[in-house]
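# Working through the structure, step by step
What follows is each chain in one-letter form.
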Amino acid sequence: MAGVRTSIHGEWSSKLAFVLAATGSAVGLGNIWKFPYVAGQNGGGAFVLIYVACVAIIGVPIMMAEVMLGRRGRQSPINTMRTLAAEEGRSPRWGLLGWMGVLAGFLILSFYSVIAGWALAYVFRTAAGLFDGATADFTAQVFSNLISDPEKLIAWHTLFLIMTMVVVARGVAAGLETAVRFLMPGLFVLLLLLVGYAMAEGQFVHGLQFLFAPDFGKVTPEVILMAMGQAFFSLSLGMGAIMIYGSYLPHDASIARTSIAVASADTLVALIAGLAIFPVVFEYGLQPNAGPGLIFQTLPIAFGQMPGGAFFGTLFFILLVFAAWTSAISLVEPAVAWLVENRGHTRVYAAVVCGMLTWFVGLGTVFSFNLWSDYRLFGRTFFDLLDYLTSNIMLPIGGLLIAIFAGWLMKERSVKEELKMDDSLGYRLWRFLVRYITPVGVGLVFLNVIEVI
Ligand code: TRP
């Protein structure tokens with residue numbers, strides 16, 4: 001009976017703990033580093049609108065489905081999918097969905113850790129007062145000095161991975177709750193402070209227009225795919241991270257309400273980050289499509305100009321590191337849980353193995369900014385390729401399969417038992433979205449892109 005299954009890895013102490021942990025997973029570099037630069041590269045307004053639409057009609061339903069599957073299976077995504085497939089009379093090959101998630105998690109963490117390393121490096125650069133009175137040219141120079149030095153990047157990447165694996169080895173619940181409960185609100189307040197600066201000193205209206213006035217002439221199938229991929233990435237969907245967090249969720253928590261809360265918080269943080277960054281971008285004549293260095297080149301200018309900037313800037317990068325930390329943990333948790341369940345390893349051993357593997361793959365991202373910056377595979381650098389492959393292909397495919405399993409292959413009785421929404425309007429809306437809109441939406445985006453290629 002699924003109702004009595006418990007997780008061998010423990011359970012969150014409360015519903016709030018789950019919301020905090022899932023928010024910790026969702027809010028990270030994706031919101032503050034990636035959202036602004038991807039929005040900038042894809043023309044702003046229309047991209048943002050499509051992104052928000054993807055969060056609401058594809059993201060939230062898939063998040064509910066992932067949490068639901070996780071809580072019912074109570075194991076690593078691989079074993080959860082296998083168990084549930086058996087219970088529902090489906091092929092054991094559904095375990096492959098869990099495997100794809102583990103692979104996606106490794107690939108994402110390998111570059112995530114390198115970028116989080118940049119944030120770590122900026123904690124120290126800001127604290128040292130390096131950016132006091134900085135100009136745009138100077139911050140660009142500092143950034144380029146950092147990324148062109150593989151040794152530095154490797155050192156920061158190593159440090160961040162060690163931090164991540166230490167938490168994973170100790171068990172996800174310990175520490176995570178406190179970190180998210182106090183640091184996330186702190187990050188939010190600092191972002192608001194930056195928006196305040198952008199309003200006072202930047203081209204705020206220009207920034208607003210860029211982010212919220214859609215120019216549909218800029219919409220291509222590729223832009224839609226990027227927006228959808230960003231929604232999956234930012235909400236941590238499609239690889240089992242939210243599924244495994246759901247597997248630690250107490251039975252009485254409302255899946256719908258918690259999912260909507262997490263998705264709203266995540267989206268709010270991304271939009272506010274955009275509002276803090278673009279007015280500064282325009283004020284200093286920077287390019288919105290500058291790419292992955294965007295926040296590292298713009299925010300230090302703001303910190304360099306505002307009173308107390310070295311202090312606020314240091315605090316900001318510390319909190320950004322924390323946000324990245326709580327996200328990174330969820331990227332390896334499915335793999336670690338599987339190693340513990342099926343191989344009988346300790347969490348410590350599992351974390352060390354996963355950490356070393358990720359470290360090696362991460363070198364590819366490190367070199368793609370310097371030694372290998374001229375090499376292109378399918379027209380992209382190693383980092384770009386990994387990012388594209390995971391966000392825009394693997395995560396949406398994972399999400400599509402999750403929607404199909406939850407919407408079409410599970411008995412409706414099982415779904416209802418787990419979601420506990422009876423026959424409410426909300427339930428029927430969810431079911432409609434998961435059965436029709438999500439699969440058709442993701443499918444159409446893929447088909448369109450394939451045609452263009
Ligand atoms: N959502 C996180 C961010 O925005 C990154 C992340 C954590 C993630 N876990 C994930 C992305 C699982 C995809 C899948 O920074």
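Because the structure is predicted, anything quoted here is derived from the model rather than measured.

## Observations regarding the overall build of the protein
A count of helices and strands for the protein gives 18 helices and zero strands. What you see for the protein is a C-alpha radius of gyration of 21 Å, in line with the 22 Å of a compact globule of 453 residues. The C-alpha extent of the protein, read off along each of the three principal axes, is 65 × 50 × 40 Å. Considering only contacts in the protein between residues 6 or more positions apart, those separated by 24 or more positions represent 83%. When the accessible surface of the protein is totalled, it reaches about 17000 Å², and 67% of it is carbon and sulfur. Between the averaged position of the 26 positive side-chain charges in the protein and that of its 26 negative side-chain charges there is a distance of 10 Å.

## Considering the nonpolar core
In globular proteins that are soluble, nonpolar side chains generally tend to be buried together. In terms of nonpolar packing, the biggest core is built from 174 residues, with Phe47, Trp118, Phe316 and Trp430 touching the most fellow members. If we ignore the near neighbours within four places in the chain, the residues touching Phe316 are Ile32, Leu187, Leu190, Leu191, Leu194, Leu299 and Phe303.

## Here we look at the site of the ligand
Taken together, 17 residues lie near the ligand, and Ala26, Gly30, Tyr112, Phe233 and Ser236 sit nearest. Between the ligand and Phe233, the relevant distance is 2.8 Å, taken from a nitrogen atom to a main-chain nitrogen or oxygen of the residue. Interatomic distance of 3.0 Å between a side-chain N/O atom of Ser236 and a nitrogen atom of the ligand. In the complex, 100% of the free accessible area of the ligand, which totals 370 Å², lies under the protein chains. Elements with a contribution of two residues or more to the shell around the ligand: α1 (15-26), α2 (29-41), α5 (95-127), α10 (221-234) and α14 (309-343). Of the residues contributing to the shell around the ligand, the split by class is nine nonpolar, eight polar and no charged.

## Some details on the side chain of Asp387
Assignment of secondary structure puts Asp387 in helix α16 (residues 382-409). Setting aside residues up to four positions removed in sequence, Asp387 forms contacts with Lys34, Tyr37, Phe111 and Asn392.

## Some points on a nonpolar patch on the surface
A cluster of nonpolar side chains, Val440, Leu444, Leu447 and Ile450, forms an exposed patch at the surface whose accessible area comes to about 400 Å². With respect to the secondary-structure elements, Val440 resides in helix α18 (residues 425-452).

## Structural notes on the pattern of salt bridges
One pass over the full model with this rule turns up 10 salt bridges. Among the ionic pairs, Glu417 bridges to Arg72, the shortest N-O distance being 3.4 Å. You can see Glu417 sitting in helix α17 (residues 412-419) and its partner Arg72 sitting in helix α3 (residues 45-73), a full 345 residues away along the chain. Here Lys411 and Glu88 are joined by a salt bridge, their closest N and O atoms 3.4 Å apart. Note that Lys411 is positioned in the loop between α16 and α17 and Glu88 in the loop between α4 (77-87) and α5, a separation of 323 residues in sequence. Overall, Lys411 belongs to the partly exposed group, its relative accessible area being 36%. The network of salt bridges with common partners includes Arg71, Arg72, Glu417 and Glu418.

## Examining the packing of α3 against helix α12 (residues 255-283)
Viewed as axis vectors pointing N to C, α3 and α12 meet at an angle of 145°, and their least axial separation amounts to 9 Å. As for the relative orientation of α3 and α12, their crossing is right-handed in sense. Of α12, the residues touching α3 (which contributes Val48, Tyr51, Val52, Val55, Val60, Met63, Met64, Val67, Met68 and Arg71) are Ile255, Ala256, Ser259, Ile260, Val262, Ala263, Asp266, Thr267, Ala270 and Leu271. Its residues assigned to classes, the contact of α3 with α12 comprises 16 nonpolar, two polar and two charged.

## Brief notes about the packing of aromatic side chains
A complete count under the given rule lists 33 aromatic pairs for this structure. For the ring pair Phe143 and Phe296, a centre distance of 6.0 Å and an interplane angle of 15° mean the geometry is stacked. Within this pair, whereas Phe143 is found in helix α6 (residues 136-147), its partner Phe296 is found in helix α13 (residues 294-305), the two being separated by 153 residues in sequence. You can call Phe296 buried: its relative accessible area is 0%. Ring geometry for Phe210 versus Phe278: centroids 4.8 Å apart, planes at 45°, classification tilted. One end of the pair, Phe210, is in helix α9 (residues 204-212); the other, Phe278, is in helix α12, with 68 residues separating them in the sequence. One exposure class covers both Phe210 and Phe278, and it is buried. Positioned above the aromatic ring of Phe233, the side-chain terminus of Lys34 is 4.1 Å from the ring centre.

## Let's talk about the confidence of the model for the protein
The predicted model of the protein averages 93 in pLDDT, with 98% of residues at 70 or higher. Predicted confidence in the protein is weakest over helix α8 (residues 173-201), with a mean pLDDT of 84, and strongest over α5, with 98.

## Regarding α10
With 14 residues, α10 should cover 20 Å at 1.5 Å per step; its first-to-last C-alpha distance of 20 Å lies within 8% of that length. With 11 of 14 residues buried, α10 lies mostly within the body of the structure. Listed as buried for α10 are Val223, Leu225, Met226, Ala227, Met228, Gly229, Gln230, Ala231, Phe232, Phe233 and Ser234. Once α10 finishes, Ser236 follows within two positions and takes phi at roughly 60°, a positive value.

## With respect to unusual backbone geometry
In this model, Arg74 sits at a positive phi of 60°, which is unusual for a non-glycine residue. Considering the arrangement of structural elements, one finds Arg74 in the loop between α3 and α4. Arg74 gets classed as buried once you look at its relative accessible area, which sits at 2%. The phi dihedral of Ser236 is positive, around 60°, even though this residue is not glycine. Within the element layout of this structure, Ser236 appears in the loop between α10 and α11 (241-246). A relative accessible area of 11% places Ser236 in the buried class.

So, how was this worked out
Residues numbered from 1 in each chain as written. Predicted model: local features only at pLDDT ≥ 70, side-chain atom pairs only at ≥ 80, totals over all residues. Heavy atoms only, no water. Helix = DSSP H or I, 4+ residues; strand = E, 2+ residues; numbered from the N terminus. Rg over C-alpha atoms; globule rule 2.2 N^0.38 Å. Contact = heavy atoms within 4.5 Å. Areas by Shrake-Rupley, 256 points an atom, 1.4 Å probe, with all protein chains shown as cover. Lys, Arg positive; Asp, Glu negative; His and termini not counted. Charge placed at Lys NZ, Arg CZ, Asp CG, Glu CD. Core = buried A, V, L, I, M, F, W, Y, C linked by side-chain atoms within 4.5 Å. Buried < 20%, exposed > 50% of the residue type's maximum accessible area, 1.4 Å probe, protein only. Near = heavy atom within 4 Å. Polar contact = N/O pair within 3.5 Å; in protein donor to acceptor, adjacent residues only side chain to side chain. Nonpolar A, V, L, I, M, F, W, Y, C, P; charged D, E, K, R; others polar. Patch = residues over 30% accessible without salt bridge, like charges linked within 9 Å, V, L, I, M, F, W, Y side chains within 5 Å. Salt bridge = Lys/Arg side-chain N within 4 Å of Asp/Glu carboxyl O. Axes fitted to C-alpha atoms, helices over the stretch in contact; angles between N-to-C directions. Left-handed = near helix turned anticlockwise from the far one by under 90°. Phe/Tyr/Trp six-rings, centres within 6.5 Å; stacked < 30°, edge-to-face > 60°. Lys NZ or Arg CZ within 6 Å of the ring centre and 35° of its normal. pLDDT = per-residue confidence, 0-100. Expected span 1.5 Å × (residues − 1).

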